[in-house]
Amino acid sequence: MISGVLAGGMYGLLALGLSLSWGLLKLVNLSHFALAFLAAYLTYELGTTYHVAPWWSAAMVVPAMFLIGVAQHWLFDRFKVNELASLLITFSFAVILEVAIQLYWTADYRRFETPYSTLSIKAGPFYIPVLELVLCLVAGVLAWGTWLWLRKTYVGKALRAAAEDADIAAAYGVDYKKLAYLLSGMGAAYAGVAGTFIALIATLAPAQIWAWLGVVFAVVIIGRLGNPLGALAAGMLIGASESLAMAVLSPAWAPVVSFSVLIAILLWDPEWL
Amino acid sequence: MVEGMAAWRRRRVLAGMVGAGAALAAPAIARAAPSGAPVKVGGTLSLTGFLAQTAVIHKIAAEMMVEEINGRNGFLGRPVAYVLLDDQSKPDVARSLYEKLITVDKVDLIQGPYATAPILAAMGVAQRYGKVMIQSSMGIPKLQTYDRAFPATPFGPEPDKTYPNVILDAMAAMPTPPKTMVILTSKFPSAQFMAVGMREQAEKRGVKVLLYLEYESGNRDFGAIAARVKEANADFLWVGSLGLESNQLLESLRKLDYTPKNHFHLYPAPGPLALSPDGDKALCSTFLEPDEPFMSRPGMKKLAADYKEKATKANLPYTTIDAQACGMISEWQILEAAVAGANSLEDEKIAAWLKKNRVTTVYGSLRFDGPFNHGDAGQLIKQVQNKEWKVVWPKEFAAPGVKLIAS
């Protein structure tokens, strides 16, 4: 269960940016996964070639991702991309990024070995992996902070209002276009944070970009579009369910779990969804 | 290991050696550079997609071999042109591309793609056009039912029976032979096929399988699986892994403060496992390593040096020649020997020659007259010792002074 909840932290972190972009910008950004992997590869490169500590890498990579997110939104805005078209365009962008990653880093597996990768804390009979714990805490802080920002600040309220009805929000002086740039940058920056952790925890291969897609989509939908806390909670729910399936049934059942939970929740149709 | 056919007829061996000799002795013979219209050899590899990390090794090996063959006499005095396409790790794409290679690009000969699923897809097309197809990575030999498909890697016709017994023999030779085992495998077809065989053979030989688990290929979290492995605490852990799954599992086990007593890994990425602190004494399947007695095989030293140079240039993190690269080298050695032996580019004649003759390859002398065109099995066990892979079993393939180390 512990391992599953902690693994769910990664789902939640990856879902965070995607959920904001889908829920508040009405853009389904499939390139979010490619941006996370680009950030992971940059962290790997900085760490292995230039021996930069991961937190310093994050300090460079995350702002760079923010700028990529802003630039990406400029393209969406310039070409008036709608929700459906965004699926296709961002998919193409992800494929281009995948090829670019493969050209530079090759298709071979890359592993960023650090002293933290196998560190764990023993709490009674339980072993808690340190990196995953830190990931969960970071995901928690980001999700909580974003939730507060969306609810308590003028900018956050304006964004939510514009997502509800852009015309009415504009009538009240909300400059949705400018705010959308900020939000797109934030989503990409979150992909950068996730990428830093992917570099530390997972194996890097260009094709892995697509490995998280299904489960993170399920997490975004279960957590409700545009809801940062929902994304994190859903990530942990899916992670724990997968882990439970692996421990009690068979590991082969784990991939079925996320979609079974999604279908069950959609059938149940709770008020909060 | 399956013993070679005791009654192998001398004449057939000699006939095979004539053909193989034509290829292997060629550098020593002064020849004119190949000339005329190139012989087009087409094939696909999974240059992108989830198999790309291994296929890139095959690409380097293939290009190296084409260069080497053209440096000799080409095929029948004509230069060889390799038409390589990317099947994106997708069997349906492989199928379409082989159709294109044969009907649009009009290649003279084909080489097989990488991995079981694309090979099966390409085999159907090859069969439709009667093309000879040599492949090096189909882990389930019984699926190779096409008469003109030939294996370049000595899996033998029943690796699910023969190879588990090689492992069990090695286990029995340990100072304290393991009595219990955990079998953990990816659901990737060739790994799962071997895992089922391992379970059957282990039970037949009295080794108790405490836990048998399958996980989806590409599994992201090994925490829960590691907990079950630790709980079972068997004497031997057998992992039907691909790529970095073994590293991920061993890391998860270390997080639980558990080190498996003895552990075997089927198809892991060789570099990362050898270099990982968790990989020490890990056992793994192989067909050869760049060590004795393999380096004494004809041309092997040059191949190893060439491969290292090209892999370094291609920015690969692990540049040592291994069984993956040698699979593709063996494919080209077989094709070169068969074209020379049959003295023809006609698929019918090439196939007929291969069925009657042995070919000397980096894997040793291979024959193709057994079930599913397979010959003797030659799968060995290697072990990480001081961060290097060393063949340790069967003993006769271990380098001088190298021994199997039990934990």
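Residues numbered from 1 in each chain as written. Chains lettered and ligands numbered in written order. Predicted model: local features only at pLDDT ≥ 70, side-chain atom pairs only at ≥ 80, totals over all residues.

Concerning the overall build of chain B
Per the secondary structure count, chain B includes 12 helices and 14 strands. Based on the C-alpha atoms only, the size of chain B along its principal axes is roughly 65 × 45 × 40 Å. Considering only contacts within chain B whose residues lie at least 6 apart along the sequence, 71% involve residues at least 24 apart. (Helix = DSSP H or I, 4+ residues; strand = E, 2+ residues; numbered from the N terminus. Contact = placed C-beta atoms within 7 Å.)

A few points about the domain arrangement of chain B
Residues and elements named next belong to chain B. With domains assigned, chain B is organised as domain 1 (10-154 + 292-376) and domain 2 (160-286 + 381-397). Placing a centre on the C-alpha atoms of domain 1 and another on those of domain 2 gives a separation of 30 Å. Here the residues of the side of domain 1 that touches domain 2 are counted per class, giving 5 nonpolar, 3 polar and 1 charged. (Domains from an automatic or database assignment. Nonpolar A, V, L, I, M, F, W, Y, C, P; charged D, E, K, R; others polar.)

Some details on the packing of helix H5 (residues 159-172) of chain B against helix H6 (residues 189-204) of chain B
Residue and element names in this part refer to chain B. Running from N to C, H5 and H6 cross one another at 60 degrees; their axes reach a closest spacing of 8 Å. By the criterion of interaxial angle, the relationship of H5 to H6 is oblique. The hand of the H5/H6 crossing is right-handed. Contacts from Pro159, Asp160, Lys161, Tyr163, Pro164, Asn165 and Leu168 of H5 reach H6 at Phe193, Met194, Val196, Gly197, Met198, Gln201 and Ala202. Considering only residue class, the contact of H5 with H6 consists of 9 nonpolar, 3 polar and 2 charged. (Axes fitted to C-alpha atoms, helices over the stretch in contact; angles between N-to-C directions. Parallel < 35°, antiparallel > 145°, perpendicular 65-115°, else oblique. Left-handed = near helix turned anticlockwise from the far one by under 90°.)

Quick notes on the sheet that holds strand S14 (residues 388-393) of chain B
Residue and element names in this part refer to chain B. If you trace the 7 strands from one edge of the open sheet to the other, you get S7-S6-S8-S9-S10-S13-S14, paired in mixed fashion. Either end of the sheet is taken by a strand with one partner, and the two such strands are strand S7 (208-215) and S14. Each strand axis lies, on average, 25 degrees off the axis of its neighbour in the sheet, ignoring direction. Summarising the sheet, strand S13 (residues 380-385) and S14 pair through 5 bridges and their orientation is antiparallel. When the bridges of S14 are listed, Ile381 appears paired with Trp393. In the packing of H6 onto the sheet, contacts are made with strand S6 (180-186), S7, strand S8 (236-243) and strand S9 (263-268), and the angle to S6 comes to roughly 165 degrees. (Pairing = 2+ DSSP bridges.)

Considering the interface of chain B and chain A
How big an interface is tends to be expressed through the accessible area that disappears when the partners come together. Listed as interface residues are 35 residues of chain B and, on the opposing side, 29 residues of chain A. Looking at the side of chain B that touches chain A, the elements that each hand over two or more residues are helix H2 (52-71), S7, helix H7 (223-232) and helix H8 (245-255) of chain B.

Some remarks on the pairing of S13(B)
All names here are of chain B. Burial analysis of S13 places 5 of its 6 residues in the buried class, the great majority of the element. Sheet topology note: the strand S10 (residues 283-286)/S13 ladder contains 4 bridges and is antiparallel. Looking across to S13, one finds that Cys284 is bridged to Lys382. Counting the residues that bridge the hairpin from S13 to S14 gives 2 residues, and of these Asn386 lies at a positive phi of roughly 55 degrees. (Buried ≥ 20, exposed ≤ 12 C-beta atoms within 10 Å, placed from the backbone.)

Focus: helix H2 (residues 31-49) of chain A
Here H2(A) contains 19 residues, and its C-alpha end-to-end distance of 26 Å stays within 8% of the 27 Å for a straight helix at 1.5 Å per residue. Looking at the residues trailing H2(A), positive phi occurs at His51(A), about 55 degrees. (Expected span 1.5 Å × (residues − 1).)

Observations regarding the confidence of the model for chain B
Close inspection of predicted coordinates is inappropriate for parts of the model with low pLDDT. All names here are of chain B. Taken as a whole, chain B shows an average pLDDT of 89; of its residues, 92% reach a score of 70 or greater. Between the elements of chain B, mean pLDDT differs from a low of 46, seen in helix H1 (residues 10-24), to a high of 98, seen in strand S3 (residues 109-111). Scoring of the predicted complex yields 0.81 for pTM and 0.74 for ipTM. (pLDDT = per-residue confidence, 0-100.)

Examining unusual backbone geometry
Look at the link from Glu292(B) to Pro293(B): it is a cis peptide, with omega at 5 degrees. Mapped onto the secondary structure, Pro293(B) falls in the loop between S10 and helix H10 (300-313). Residue Pro394(B) is bonded to the preceding Trp393(B) through a cis peptide linkage, with omega at -10 degrees. Considering the arrangement of structural elements, one finds Pro394(B) in the segment after S14. Positioned with a positive phi, Lys26(A) is a non-glycine residue whose angle comes to about 60 degrees.

Things to note about the packing of helix H6 (residues 154-164) of chain A against helix H8 (residues 176-201) of chain A
All names here are of chain A. Packing of H6 against H8 brings their axes to within 10 Å, and their N-to-C directions diverge by 110 degrees. Classed by the angle they form, the pair H6 and H8 counts as roughly perpendicular. Facing H6, whose interface residues are Val155, Ala158, Leu159 and Ala162, H8 presents Tyr176, Leu179 and Leu183. A breakdown of the residues in the contact of H6 with H8 according to their chemical character gives 7 nonpolar, no polar and no charged.

Digging into the environment of Leu97(A)
Residues and elements named next belong to chain A. By secondary structure assignment, the location of Leu97 is in helix H4 (residues 83-105). Spatially, the C-alpha atoms of Leu97 and Ile209 are 9.6 Å apart, while their sequence positions differ by 112 residues. The residues contacting Leu97, other than those within four sequence positions of it, are Ser31, Ala34 and Leu38.

Some points on the sheet that holds strand S4 (residues 133-135) of chain B
Residues and elements named next belong to chain B. Here 5 strands make up an open sheet; going across it, the order is S2-S1-S3-S4-S5 and the pairing parallel. Edge positions in the sheet fall to strand S2 (80-86) and strand S5 (149-151), since each has one partner strand and no second. On average, adjacent strands in this sheet sit at an angle of 25 degrees to one another, irrespective of strand direction. Strand direction decides the pairing type here: strand S1 (residues 39-45) and S3, joined by 2 bridges, are parallel. Bridging from a neighbouring strand, Val41 pairs with Leu109 of S3. Its contacts with the sheet place H2 against S1 and S2, and it is angled at close to 165 degrees to S2. Relative to S1, helix H3 (residues 91-103) is tilted by about 170 degrees, and along the sheet it contacts S1, S2 and S3.

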